[in-house]
Amino acid sequence: MGDIDSGEKELRLADPDIERAITLIAQARGTASRSHLTPRRRPVDLMRRRRHRSTLFTAAATGVLGQSLERQALSQMISEGATDQPVQPLPAGLKAPVVDFRDVAAQTGLSAVVVSGDLDQTFVVEGTGTGVAVFDYNNEGLPDIFLVQGDRLKPGPVRLTPHLDHNLGGLRFEDVTEKAGIGHLGWGQGVCAGDPDNDGHVSLFFGQWGRNVFLHYMENGTFRDETRDCGLDRPGSRWSTGCAFIDYDRDGWLDLVVANYIDFNAQETPLPRDRSGCNWKGIPVPYGPRGLKAKP
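Note that this is a predicted model, so its numbers are computed, not measured.

### Topic: the overall build of the protein chain
Thought 1: Counting its regular elements, the protein chain contains three helices and 14 strands.
Thought 2: Taken over 296 residues, the protein chain has a buried fraction of 36%.
Thought 3: Sequence-distant contacts, at least 24 apart, represent 53% of the contacts inside the protein chain between residues at least 6 apart.
Thought 4: About 18,800 Å² of surface is accessible on the protein chain, with carbon and sulfur atoms providing 55% of the total.

So this is what it looks like as structure tokens:
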């Protein structure tokens, strides 16, 4: 994130109602008068200022601000030719679907734990999360689930592995990671599934922090690491966050696109509580991505 506190962000205000709302909020929070907020150039740092007891003023100002922003958005829609469409009635005899999502992971056997760093979140790599792929890995006609696994900067007693959950039907899954020959791969970030050799089976590529991995399906329910054999092994460490299989030249063979993030080295990156670290409104936070170089 870099040093966010160095250099104030500015908000250019074009609507007098927005200016009035900002002024009301500032007054309600005990800030100075309009001398601190010039009409066209106002450092916005309201969250940093001490809160005031005037909740009513804040609510009123927020309402004015919301109405003004809504009016500006509507004006922009009209200027671009967009119009608000009325709600169309459903055909006779049809009812609107009822949206009802429920967490049934425990009942279905999906109990895997995915780790992304330690709880104190010292470095930016620990806060990016991992990924998931839903695909039919054994061609049984049911979608299976692959959960990408992260890692820890401080090695634990057990090496972490991703998780492949085989769909048994009837919303039941079985963890077949070990059966599929999949072990520790590294600090995973993203995954894409595809059939790059046109053998009728889906293989997996993982974008990772460190070394990317290509797992080729072996037609016997297992996967094999063929990263080096396929020419996908790159020298040095890198941080790849996403990937996709696409046939970009339409020659009938899937190509691979890999998105890299930043050049990150935990040993050379300042800790949040160091003087050279990053602070957000006085709170130590992980350093980056601002201040770190992009990785081609």
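Alright, that's what it looks like, and here's the rest.
### As for the pairing of strand 7 (residues 187–194)
Thought 1: Counted residue by residue, strand 7 has seven buried out of eight residues, so it is predominantly covered.
Thought 2: Bridge count for strand 7 against strand 8 (residues 203–210) is seven bridges, and the pairing is antiparallel. Directly across from Trp187, in strand 8, lies its bridge partner Trp209.

### Thoughts on the side chain of Gln208
Thought 1: Relative to the helices and strands, Gln208 is located in strand 8.
Thought 2: Apart from residues no more than four positions distant in its own chain, Gln208 is found in contact with Leu185, Gly186, Trp187, Gly188, Gln189, Val213, Arg238, Trp239 and Ser240.

### Let's talk about a nonpolar patch on the surface
Thought 1: Residues Ile246, Tyr248 and Val257 make up a contiguous nonpolar surface patch of roughly 320 Å² in combined accessible area.
Thought 2: Of note, Tyr248 is situated in the loop between strand 11 (238–246) and strand 12 (255–260).
Thought 3: Given a relative accessible area of 64%, Tyr248 falls into the exposed group.

### Quick word on the sheet that holds strand 6 (residues 173–175)
Strands pair in a sheet through their backbones, by hydrogen bonds, and they do so in one of two ways: parallel or antiparallel.
Thought 1: Reading across from one edge, 3-4-5-6 is the order of the four strands in this open sheet, with antiparallel pairing throughout. The strands lining the two open edges of the sheet, one partner per strand, are strand 3 (132–135) and strand 6. Adjacent strand axes in the sheet meet at a mean angle of 20 degrees, parallel and antiparallel pairs treated alike.
Thought 2: Relative to strand 6, strand 5 (residues 163–167) runs antiparallel, the two being bridged by three bridges. Along strand 6, the bridge assignment pairs Asp165 with Asp175.

Cut-offs applied
Residues numbered from 1 in each chain as written. Predicted model: local features only at pLDDT ≥ 70, side-chain atom pairs only at ≥ 80, totals over all residues. Heavy atoms only, no water. Helix = DSSP H or I, 4+ residues; strand = E, 2+ residues; numbered from the N terminus. Buried < 20%, exposed > 50% of the residue type's maximum accessible area, 1.4 Å probe, protein only. Contact = heavy atoms within 4.5 Å. Areas by Shrake-Rupley, 256 points an atom, 1.4 Å probe, with all protein chains shown as cover. Pairing = 2+ DSSP bridges. Patch = residues over 30% accessible without salt bridge, like charges linked within 9 Å, V, L, I, M, F, W, Y side chains within 5 Å. Salt bridge = Lys/Arg side-chain N within 4 Å of Asp/Glu carboxyl O. Axes fitted to C-alpha atoms, helices over the stretch in contact; angles between N-to-C directions.

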